[in-house]
Amino acid sequence: MEPDVLIVGAGAAGIAAARRLQALGRSVRLLEAGRRLGGRAWTEAAQLGAPFDHGASWIHVAERNPLTPIARRLGFILRDERRRVRDILLWRGQVAGAAERAAHDAACEAWEAAAEAEDARRRASGEPDIALAAAVPRDGPWDATVSHWFSAIISGVEAERFSLRDYVATALDGANLQLAEGFGTLVARLGEGLPVSFGAAVERLRWDGPGVVAEGGFGTLRAGAAIVTVSTGVLAAGGLRFTPGLPAPVQAAIEGLPQGLLSKIALRAAGPGRLGLGAFARLGRSLDAPGDAPLSWMLWPWGRDHAIGFLGGEAAWALAREGPAAAEAHARAELARYVGAAEVARCFGPEARGPGAVVTGWAEDPLFLGAYSHARIGCHGARAALRDAELAAGRLRFAGEACHSRLAGTVGGAWESGERAAGAVHAALG
Ligand SMILES: Cc1cc2nc3c(=O)[nH]c(=O)nc-3n(C[C@H](O)[C@H](O)[C@H](O)COP(=O)(O)OP(=O)(O)OC[C@H]3O[C@@H](n4cnc5c(N)ncnc54)[C@H](O)[C@@H]3O)c2cc1C
């Protein structure tokens with residue numbers, strides 16, 4: 001039977017849209033190209049012997065995140081990680097002393113404050129958006145490191161190519177909650193029981209008739225309306241075609257919101273040693289030369305026997321091209337900077353690509369083509385433009401993390417965006 005609404009993609013936005021539409025009395029069908037629920041929220045336990053989030057793992061801005069009360073209600077085990085103190089911080093290869101730590105912390109605060117102040121000044125005076133890199137301190141000893149951490153790793157893109165206004169508008173302040181069971185577990189749980197067709201890649205959406213028609217290997221499906229939740233990376237690459245083609249402003253909004261990249265490299269301890277560090281230990285080091293790209297580390301989450309290195313931006317794209325063996329070797333070499341190569345071999349086993357090493361693959365996967373969106377310089381309005389685009393008299397809409405002006409790049413943003421699009425197509429259907 002023809003559903004009221006087709007939803008393309010069963011990630012957080014698609015699941016939220018489906019639940020909201022069902023609550024409004026509408027019939028839905030989710031078309032998911034992959035074989036699982038959750039999209040970029042994906043927990044998998046087989047490779048490390050414990051839940052590991054390949055994608056999202058923190059409920060960011062937890063105070064206003066729609067997933068916080070849901071996770072609490074469902075009894076998930078949560079850990080507040082507001083504190084970001086490094087258990088080991090290296091300054092030019094040596095363990096940082098009190099003075100270097102104080103300088104590091106001051107540089108972090110000054111960096112954030114400068115971005116906010118410059119953005120506020122420009123908005124007040126009507127001056128245009130600029131690159132984040134042009135607004136933040138550059139000459140202090142820790143400034144390049146802080147840029148690398150806040151922009152390339154956390155936002156997945158170098159500050160030189162990131163809109164200042166978008167960075168400030170979507171800043172991840174407040175509490176960050178981790179889930180012992182995994183964020184992907186929560187999102188998949190919320191999708192249970194929904195009418196999903198897996199392996200159903202939508203190749204073309206037609207919106208020139210009275211309804212919307214999806215075409216793919218599954219055949220042809222008609223509905224009164226559709227919500228598209230695939231990443232802006234997939235949309236920009238033409239992974240889903242539209243007939244008629246998208247209006248120029250919508251296409252421009254998609255191209256103004258490219259995907260950045262965050263990669264995780266997880267290593268599982270082979271023996272009893274834990275490098276002398278406790279659960280959730282954090283390691284970081286200074287960026288010591290142009291082109292250097294330190295990993296940020298979290299060790300032994302929940303007391304489990306794996307360590308996770310985070311790498312973002314250009315360095316992550318480069319390692320994705322080189323493949324997982326190169327990524328693992330890089331991660332081992334990075335860890336050796338803190339504890340020495342012999343200790344790394346003793347803890348994780350001697351060989352690269354050992355059992356239990358996991359390298360995430362978001363860049364290469366054609367269903368994602370990156371981790372999350374950022375606005376190009378001057379494109380800060382693109383999120384609202386994509387969110388508000390009403391095609392086919394409001395019966396074809398976009399949703400997903402890229403469409404949220406405050407919680408962009410997060411599961412919570414995708415969730416709220418899906419709910420909002422659901423309300424809009426419900427109204428358009430009359
Ligand atoms: C490494 C990493 C770390 C992250 N960390 C965090 C974090 O700590 N906290 C946080 O809140 N967020 C984090 N995020 C971001 C968060 O995961 C995403 O913002 C969010 O999950 C996006 O949800 P979505 O529904 O918008 O898109 P998606 O999850 O991408 O869902 C879209 C779905 O569409 C499907 N699809 C693609 N093409 C087609 C097609 N042609 N036809 C049918 N289906 C298709 C895809 O398979 C996918 O399931 C992280 C992401 C990554 C990659």
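Thresholds applied
Each chain has its residues counted from 1, running along the sequence as written. Note on the predicted model: pLDDT of at least 70 is required for a residue's local features to be given, and 80 or more for side-chain atom pairs to be given and counted; whole-chain, interface and lining totals, by contrast, use all residues. Hydrogens are left out, water is left out, and the side-chain values use all remaining heavy atoms of the structure. Each Phe, Tyr or Trp ring, with Trp reduced to its six-membered ring, pairs with another whose centre is within 6.5 Å; inter-plane angles below 30 degrees give stacked pairs, above 60 give edge-to-face pairs, and intermediate values give tilted ones. Runs of H or I in DSSP of at least four residues are treated as helices and runs of E of at least two as strands, each being numbered from the N terminus. Working rule: Lys NZ or Arg CZ, within 6 Å of ring centre, within 35 degrees of ring normal, means a charge sits over the ring. Pairing between two strands requires that DSSP report at least two bridges joining them. Working convention: axes come from line fits to C-alpha atoms, limited for helices to the stretch in contact. Angles between N-to-C directions cover 0 to 180 degrees. The split into domains, and so the bounds of each, comes from an automatic or database assignment of domains. Residue contacts are counted whenever heavy atoms from the two residues lie within 4.5 Å of one another. Each of two parts loses accessible area, computed with a 1.4 Å probe, when they are put together; buried area is these two losses added. Any carboxyl oxygen of Asp or Glu that lies within 4 Å of a side-chain nitrogen of Lys or Arg is treated as forming a salt bridge with it. Two N or O atoms count as a polar contact when they lie within 3.5 Å, although within protein this holds only if one can serve as hydrogen donor and the other as acceptor, and sequence-adjacent residues are included solely when both atoms are side-chain atoms. Lys, Arg, Asp and Glu make up the charged group, whereas Ala, Val, Leu, Ile, Met, Phe, Trp, Tyr, Cys and Pro make up the nonpolar group; the residues left over, Gly among them, are polar. Working definition of a nonpolar core: buried Ala, Val, Leu, Ile, Met, Phe, Trp, Tyr and Cys residues. They are joined through side-chain atoms within 4.5 Å. Burial classification: accessible surface area is computed with a 1.4 Å probe over protein chains only, and a residue below 20% of its type maximum counts as buried, one above 50% as exposed, and the rest as partly exposed.

## Re the packing of aromatic side chains
- Evaluated as defined, the whole model comprises nine aromatic pairs.
- Each ring, one from Trp91 and one from Trp142, has its centre 4.8 Å from the other, and the planes form 35°; the classification is tilted. One end of the pair, Trp91, is in strand E7 (residues 88–91); the other, Trp142, is in the loop between helix H3 (98–125) and helix H4 (143–153), and 51 residues separate them in sequence.
- With a centroid separation of 5.2 Å and an interplanar angle of 75°, the aromatic rings of Phe280 and Trp302 are classed as edge-to-face. Taken together, the residues Phe280 in the loop between strand E17 (262–268) and strand E18 (281–285) and Trp302 in the loop between strand E19 (296–299) and strand E20 (306–312) connect sequence positions 22 residues apart.
- One aromatic cluster in this structure is built from Trp111, Phe150, Phe162 and Tyr167.
- The ring centre of Phe280 lies 3.5 Å from the NZ or CZ of Arg79, which sits over that ring.
- When the ring centre of Trp149 is taken as reference, the NZ or CZ atom of Arg86 above it lies at 4.6 Å.

## Comments concerning the sheet that holds strand E15 (residues 241–243)
- With mixed pairing, the four strands of this open sheet are ordered in space as E13-E12-E11-E15. Pairing within the sheet leaves two strands with one partner each, and these edge strands are strand E13 (219–223) and E15. Direction aside, neighbouring strands of the sheet carry axes that sit 20° apart on average.
- Pairing of strand E12 (residues 212–216) with E13, which is carried by five bridges, proceeds in the antiparallel orientation. Residue pairing in the sheet places Gly216 in a bridge with Gly219 of E13.

## Here we look at the domain arrangement of the protein chain
- Along its sequence, the protein chain is organised into domain 1 (5–41 + 182–256 + 377–429) and domain 2 (101–169).
- Centre-to-centre separation of domain 1 and domain 2, based on C-alpha positions: 32 Å.
- Contact residues are listed per partner, giving seven residues for domain 1 and 10 residues for domain 2.
- Buried surface at the junction of domain 1 and domain 2, summed over both partners, amounts to about 620 Å²; 50% is from carbon and sulfur atoms.
- When the buried surface of domain 1 facing domain 2 is broken down by residue, Ile377, His380 and Arg383 rank first, second and third, together holding 80% of it.
- There are one salt bridge connecting domain 1 and domain 2.
- Its salt-bridge partner being Arg383, residue Asp166 comes within 2.8 Å of it at the nearest N-O pair.
- Run the count over domain 1 and domain 2 and you get three residue pairs in polar contact (both at pLDDT 80 or more).
- Considering only residue class, the side of domain 1 that touches domain 2 consists of two nonpolar, three polar and two charged.

## A few points about the nonpolar core
- Residues Leu132, Trp297, Leu299, Trp300 and Phe348 are the most contacted members of the largest nonpolar core, which totals 67 residues.
- Ranked by the residues each element gives to this core, the list is headed by helix H10 (residues 324–339), at five residues.
- Within the second largest apolar cluster, 38 residues are counted, among which are Val28, Ala175, Leu177 and Leu179.

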